[in-house]
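Listed here are the chains, written in short residue letters.
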Amino acid sequence: QAQLVESGGGLVQAGGSLRLSCAASGRSFENYSMGWFRQAPGKEREFVGAISRILGNTYYEDSVKGRFTISRDNAKNTVYLQMNSLKPEDTAVYYCAASLNVIPLITATTYNFWGRGTQVTVSS
């Protein structure tokens, strides 16, 4: 069983950058595809991006393509979300999640474990 803890959130001005980290405890981190989701007030949780467990292929939601980058360091049991050119509409609680699927999917229910989230606020 994996336990996930996000960090790195905060308040940033529009156009700025943040790097979120998600540290996983437990065994076999490399066996999980990792996803990032976000949830803004009054909205449903939405897929942001993911990185696959074997080849490290990355997938992104259209609105973040070219601005966000996901990477993983299996030696540190950590996945990262580098967010550049942040916009006020990126404001949300960001969650990382772990999936046993070889190819990570955009559907939240396909993820087995979740962190508690970290707040990202982008001011205009």
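Now for a description of the structure that goes with this document. Because the structure is predicted, anything quoted here is derived from the model rather than measured. (Residues numbered from 1 in each chain as written. Predicted model: local features only at pLDDT ≥ 70, side-chain atom pairs only at ≥ 80, totals over all residues. Heavy atoms only, no water.)

With respect to the overall build of the protein
Looking only at helices and strands, the protein has 0 helices and 11 strands in total. The secondary structure elements of the protein, listed N-terminal to C-terminal, are β-β-β-β-β-β-β-β-β-β-β. Here the C-alpha coordinates of the protein stretch approximately 40 × 25 × 25 Å along the principal axes. Here the analysis covers contacts within the protein between residues at least 6 apart in sequence; of these, 59% occur between residues at least 24 apart. In the structure as shown, the protein presents an accessible area of about 6,500 Å², 48% of it carried by carbon and sulfur atoms. (Helix = DSSP H or I, 4+ residues; strand = E, 2+ residues; numbered from the N terminus. Contact = heavy atoms within 4.5 Å. Areas by Shrake-Rupley, 256 points an atom, 1.4 Å probe, with all protein chains shown as cover.)

A look at the packing of aromatic side chains
By the definition in use, this model includes 6 aromatic pairs. Between the aromatic rings of phenylalanine 37 and tyrosine 111, the centroid separation amounts to 5.1 Å while the plane-to-plane angle is 80 degrees, which identifies the pairing as edge-to-face. With phenylalanine 37 in strand E4 (residues 33–39) and tyrosine 111 in the loop between strand E9 (92–99) and strand E10 (113–114), this pair connects stretches of sequence that are 74 residues apart. Residues phenylalanine 37 and tyrosine 111 agree in their burial class; the two are buried. With 5.0 Å between their ring centres and 55 degrees between their planes, phenylalanine 37 and tryptophan 114 make a pair best called tilted. Placement of the pair is phenylalanine 37 in strand E4 and tryptophan 114 in strand E10, with a sequence separation of 77 residues. (Phe/Tyr/Trp six-rings, centres within 6.5 Å; stacked < 30°, edge-to-face > 60°. Buried < 20%, exposed > 50% of the residue type's maximum accessible area, 1.4 Å probe, protein only.)

A closer look at the state of the cysteines
Evaluated as defined, the whole model comprises 1 disulfide. Cysteine 22 shares a disulfide with cysteine 96; S-S distance 1.9 Å. Between cysteine 22 and cysteine 96, the disulfide has an S-S torsion of 50 degrees and is therefore right-handed. Of this pair, cysteine 22 sits in strand E3 (residues 18–25) while cysteine 96 is found in strand E9, placing the two residues 74 residues apart along the sequence. With relative accessibility at 0%, the residue cysteine 96 sits in the buried group. (Disulfide = S-S within 2.5 Å.)

What to know about the pattern of salt bridges
Applying the stated criterion to the full structure yields 4 salt bridges. Among the ionic pairs, lysine 65 bridges to aspartate 62, the shortest N-O distance being 3.1 Å. Its relative accessible area of 48% is what places lysine 65 among the partly exposed residues. A salt bridge links aspartate 90 to arginine 67; its shortest N-O distance comes to 2.8 Å. Note that aspartate 90 is positioned in the loop between strand E8 (78–83) and E9 and arginine 67 in the loop between strand E6 (58–60) and strand E7 (68–73), a separation of 23 residues in sequence. Neither aspartate 90 nor arginine 67 differs from the other in exposure class; each is buried. Shared partners join several salt bridges into a network, and the residues in it are Arg38, Glu46, Arg67 and Asp90. (Salt bridge = Lys/Arg side-chain N within 4 Å of Asp/Glu carboxyl O.)

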